[in-house]
Amino acid sequence: MMIFEVWEDEDGTTLSTVENIIELKNKGLLSKSAKLLYKIEANNYEEAMVEHHNKMGWERYKPMEEE
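Residues numbered from 1 in each chain as written. Predicted model: local features only at pLDDT ≥ 70, side-chain atom pairs only at ≥ 80, totals over all residues. Heavy atoms only, no water.

Trainee: How should the nonpolar core be read in this particular structure?
Mentor: Soluble globular proteins tend to pack their nonpolar side chains together in the buried interior. Among the nonpolar cores identified, the biggest contains nine residues, and these are Phe 4, Val 6, Leu 15, Tyr 38, Ile 40, Ala 42, Ala 48, Met 49 and Tyr 61. By residue number, the principal contributor to this core is strand β3 (residues 35–42), which donates three residues. With near-sequence residues (within four places) excluded, Tyr 61 lies in contact with Tyr 45, Glu 46, Met 49, Val 50 and His 53. Counting residues in each nonpolar core, the second largest holds five residues, with Trp 7, Leu 24, Leu 30 and Ala 34 among its members. (Core = buried A, V, L, I, M, F, W, Y, C linked by side-chain atoms within 4.5 Å. Buried < 20%, exposed > 50% of the residue type's maximum accessible area, 1.4 Å probe, protein only. Helix = DSSP H or I, 4+ residues; strand = E, 2+ residues; numbered from the N terminus. Contact = heavy atoms within 4.5 Å.)

Trainee: Could you clarify how one ought to interpret the pairing of strand β2 (residues 12–17) in this entry?
Mentor: Regular strands place their side chains on alternate faces of the sheet. In this sheet, β2 lies alongside strand β1 (residues 2–9) in antiparallel orientation, the contact comprising six bridges. Residue pairing in the sheet places Glu 5 in a bridge with Ser 16 of β2. (Pairing = 2+ DSSP bridges.)

Trainee: How should I be thinking about the packing of aromatic side chains in this particular structure?
Mentor: For any pair of aromatic rings, the description rests on two quantities: the centre-to-centre distance and the angle between the ring planes. Inspection of every chain in the model, using the stated rule, returns zero aromatic pairs. A cation sits over an aromatic face here: Lys 55 above Tyr 38, 5.2 Å from the ring centre. (Phe/Tyr/Trp six-rings, centres within 6.5 Å; stacked < 30°, edge-to-face > 60°. Lys NZ or Arg CZ within 6 Å of the ring centre and 35° of its normal.)

Trainee: Which parts of the structure should I look at to understand the sheet that holds β3?
Mentor: The strands making up a sheet are joined through hydrogen bonds of the backbone, oriented either antiparallel or parallel. Taken in spatial order, the three strands line up as β2-β1-β3 in an open sheet, and their pairing is antiparallel. Single-partner strands in this sheet number two, and they are β2 and β3. Recorded for the sheet is a direction-independent mean angle of 20 degrees between the axes of neighbouring strands. With respect to the sheet, helix α2 (residues 45–56) is in contact with β1, β2 and β3, its orientation differing from that of β3 by roughly 130 degrees. (Axes fitted to C-alpha atoms, helices over the stretch in contact; angles between N-to-C directions.)

In short, the description is geometric, and any link to function would need to be established separately.
Encoded structure:
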């Protein structure tokens with residue numbers, strides 16, 4: 001099981017692993033004013049995106065098809 005975090009800033013929302021969020025902040029790619037919305041436990045990114053879309057009230061998440 002992996003932990004994902006969803007952060008919101010002026011550019012929208014960002015969903016990523018905890019480790020990657022730290023990296024984004026260190027590189028300045030996630031603003032210092034960003035706010036943590038919630039955490040998601042999922043087996044992979046696609047499961048996390050399904051839950052994220054549900055929580056945000058968005059249409060069902062559709063993964064990109066493999067080419």
